[in-house]
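A structural walkthrough
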Amino acid sequence: MSKRKILFFELNEVPLRIVRQFCGAAPGSTLAKNLHRMRQIRTQAPDSVLSPWITWPTLHRGVDDAVHGLRFFGQDLTEVDARYPPLWRLLAAHGVKTGVFGSLHSYPMPEDVRGYAFYMPDTFAPAPDAHPDTLAVFQDFNLTMARKSARNVSRDVPGKGAFQLLRAIPDLGIRASTLADVSRQLVSERIHDWQRIRRRTYQSVLGFDVFMKQMEDTRPDFATFFTNHVASAMHRYWAASFPGDFTALQYDWSWVARYRHEIEFAMSKFDAFLTRLIEFVERNPEYVLWIASSMGQAASSGQPVKTQLYITDLARFMTCAQLGGDDWSERPAMAPRISVFVRESKRDAFRATLDTFKVNGEAVAWEERSNGFFAVCMGQMNLGPSARIEINGQARSLSEAGLSNVEIEDQAGSTAYHVPEGMLLVFDPLAAQPEAAPELPLDTRQIAPSVLRHFGVPVPSYMVDPLPLA
């Protein structure tokens, strides 16, 4: 057999603990039945700051955050892509047929897509560009849903986008069984309104159908698929699933009872994905399946979050900062952050404004990156109606500053948060039994050079030594 192909499934932030817990709770699941056939490797993120938009670039580019410098979605990637290109660009440039589906920092699209079987950027892309063009319809719907449900899940379904999506279903590969599952979810929401939270999971369910259609049609040598649906459930509902992890759990037991199965629900959808992935690689044994997380999660805060302070009218906030509409442009960001590019002539004034921006006397955190990119980090919790806002030395009401104390419907904050320990599971359909895992955790910077070496692509000198993983 020629060089084995790699299907690289990015299961964001899921640690081995959650994998093993799910197997115990669902012994008949595909994961439980096949985990013993997988090489189970502990991984370690080397980054100084642990966020997925930081740790995934470390894995993809083979250098840590001190080198690649990526801190936020929407940053200008021109310089970092030239100096430390992501794995998919290196592979495609050397003739390895590559597919990308939702991997973080995959926007903008490559100028030349001829080396790609398919390419759909992440959900923080500012525009629904995709390759082939048929994927743009799904990406447009995907981006709209992601924007509407950043913190509280919207009740709305975008009418025009949904209609266009329905028309494109045959070309996209969305299955009848998936549509039936989505319909059951919508009915369930009518009965139990709180179950709208599961819409975050169903974006991945729909996306996975689209991805598998591309896999069947194009058979790339290397392909990625990113999903955040389990990570989202872990952040919010770890305290419900694992209340014993908290010495000071402030949620009441009715909250715990309502949400205690949400991580398991999210994992059950991953298990359905895994069923199809294993079937695919067993039908096509030239493939090896890798399932990776760039870091993990563990118990964090047991404090309910009733409200968070958001910038909900960015134009009004920027007016308070004395910037006109032509002086700045917004970029998609992970709530409660906001990201903007500011015209060069206005950057000094904007820095001065941000230095004076205070909430209840506390300075608001912000950062600046290259080419006038600014990120402002909001999300102050449980402030109450009397929050004091100060900008440029002047007291402002919430409304004047474009701010709102947003009520958090499920009162879930980050009950779990990021830890360096992640995982890599390797499933080889031709292996009688998996190889032993390394005794020490695998540095996530070693994954990219290992993939490059596997495909015979030169490993850049700035990368660490690879390991024989494929």
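Higher on the page you've got the structure.
First things first, this report covers the structure right here in the doc. (Residues numbered from 1 in each chain as written. Predicted model: local features only at pLDDT ≥ 70, side-chain atom pairs only at ≥ 80, totals over all residues. Heavy atoms only, no water.)

Concerning the pairing of strand 6 (residues 287-293)
Residues in a regular strand project their side chains so that they alternate between the two faces of the sheet. Spelled out, the test is: Each residue's exposure class comes from its accessible area (1.4 Å probe, protein chains only) as a fraction of the maximum for that residue type: buried when under 20%, exposed when over 50%, partly exposed otherwise. Working definition: helices are DSSP H or I runs of at least four residues, strands are E runs of at least two. Numbering for both runs from the N terminus. Pairing between strands requires that DSSP locate at least two bridges from one strand to the other.
Extensive coverage of strand 6 is indicated by the burial of 7 of its 7 residues. Neither face of strand 6 is open: one carries Tyr 287, Leu 289, Ile 291 and Ser 293, the other Val 288, Trp 290 and Ala 292, and all of them are buried. In terms of strand pairing, strand 1 (residues 5-11) meets strand 6 through 6 bridges, oriented parallel. Residue Glu 10 lies in a different strand from strand 6, and its bridge partner there is Ala 292. Of the pairings in the sheet, the one linking strand 6 to strand 19 (residues 421-427) comprises 5 bridges and is antiparallel in character. Following the sheet pairing, Ser 293 is matched in strand 19 by Met 423.

A word on the sheet that holds strand 16 (residues 394-396)
A sheet is described by the order of its strands in space; here 4 strands give the open sequence 12-11-15-16, paired in antiparallel fashion. Only two strands of the sheet have a single partner each, and these edge strands are strand 12 (362-363) and strand 16.

Topic: the pattern of salt bridges
Side chains that differ in charge, positive against negative, can pair when their charged atoms come close. Convention followed: Within this document, salt bridges are pairs made up of a side-chain nitrogen of Lys or Arg and a carboxyl oxygen of Asp or Glu, the two lying within 4 Å of each other.
Throughout the structure, instances matching the rule amount to 26 salt bridges. Taking the shortest distance from any N to any O, the salt bridge between Asp 327 and Arg 343 comes out at 3.6 Å. Of this pair, Asp 327 sits in the loop between helix 14 (314-320) and strand 9 (328-331) while Arg 343 sits in the loop between strand 10 (337-342) and helix 15 (347-356), and the two are 16 residues apart along the sequence. A salt bridge links Glu 367 to Arg 369; the nearest nitrogen and oxygen atoms lie 2.7 Å apart.

A closer look at helix 1 (residues 16-25)
Put simply, the rule reads: Our arc is simply the arc of the directions from the helix axis toward the C-beta atoms. Any two residues whose heavy atoms approach within 4.5 Å are treated as being in contact.
The complete set of buried residues in helix 1 reads Leu 16, Ile 18, Val 19, Phe 22 and Cys 23. Here the buried residues of helix 1 occupy an arc of 165 degrees about the axis, which is enough to place them on one side. On its buried side, helix 1 packs onto helix 2 (30-34), strand 2 (38-44), helix 11 (229-241), helix 13 (262-283) and strand 19.

Re the environment of Met 381
Mapped onto the elements of the fold, Met 381 is located in the loop between strand 14 (373-377) and strand 15 (389-391). Taking the C-alpha atoms as reference, Met 381 lies 19 Å from Trp 238; in sequence the two are 143 residues apart. Setting aside its immediate chain neighbours within four residues, Met 381 contacts Gln 303, Val 305, Thr 307 and Gln 308.

Things to note about the packing of aromatic side chains
In this description, an aromatic ring pair is defined by two values, namely the gap between the centres and the angle between the planes. The following threshold applies: Only the six-membered ring of Trp is used, alongside the rings of Phe and Tyr, when aromatic pairs are assigned; centres must lie within 6.5 Å, and planes under 30 degrees apart are stacked while those over 60 apart are edge-to-face, with the rest tilted. Here, a charge over a ring means that NZ of Lys or CZ of Arg falls within 6 Å of the ring centre while also lying within 35 degrees of the ring normal.
Here the structure, examined in full by the defined rule, presents 33 aromatic pairs. On the basis of an interplanar angle of 40 degrees and a centroid distance of 6.1 Å, the ring pair of Phe 208 and Phe 211 is categorised as tilted. Of the two residues, Phe 208 and Phe 211 both sit in helix 10 (residues 199-218), 3 residues apart, roughly one turn of that helix. Here Phe 208 and Phe 211 have matching classes, each one buried. Judged by centre distance (6.3 Å) and plane angle (45 degrees), the rings of Tyr 237 and Trp 255 are tilted. Of this pair, Tyr 237 sits in helix 11 while Trp 255 sits in helix 12 (residues 253-259), placing them 18 residues apart in sequence. The rings of Phe 9, Phe 101, Phe 118, Phe 208, Phe 211, Phe 225, Phe 270 and Phe 273 are connected pair by pair, giving a single aromatic cluster. A cation sits over an aromatic face here: Arg 17 above Phe 242, 4.4 Å from the ring centre.

Remarks on the side chain of Thr 307
With respect to the helices and strands, Thr 307 occurs in strand 8 (residues 307-311). Beyond its immediate sequence surroundings of up to four residues, Thr 307 is in contact with Gln 380, Met 381, Asn 382, Leu 383, Asn 405, Val 406, Glu 407 and Ile 408.

Observations regarding the nonpolar core
A general feature of soluble globular proteins is that nonpolar side chains tend to end up buried together. Going by this rule: As used in this record, nonpolar core signifies buried Ala, Val, Leu, Ile, Met, Phe, Trp, Tyr and Cys residues forming a set joined through side-chain atoms within 4.5 Å.
In this structure, Phe 9, Leu 31, Phe 211, Trp 255, Leu 289 and Ile 291 are the most contacted members of the largest nonpolar core, which totals 73 residues. Tallying contributions element by element places helix 13 first for this core, with 11 residues. Contacts of Leu 289, omitting those with residues within four sequence positions, involve Leu 7, Phe 9, Leu 274, Leu 277, Ile 278, Val 281, Leu 425, Val 426 and Phe 427. In terms of nonpolar packing, the next biggest core, distinct from the first, is built from 29 residues, Phe 8, Trp 56, Val 96 and Val 451 among them.

Focus on the environment of Val 459
Note on placement: Val 459 falls in the segment after helix 16 (447-454). For the pair Val 459 and Ala 448, spaced 11 residues apart in sequence, the C-alpha to C-alpha distance is 8.8 Å. With sequence-adjacent residues up to four places away left out, Val 459 is seen in contact with Pro 449, Leu 452 and Arg 453.

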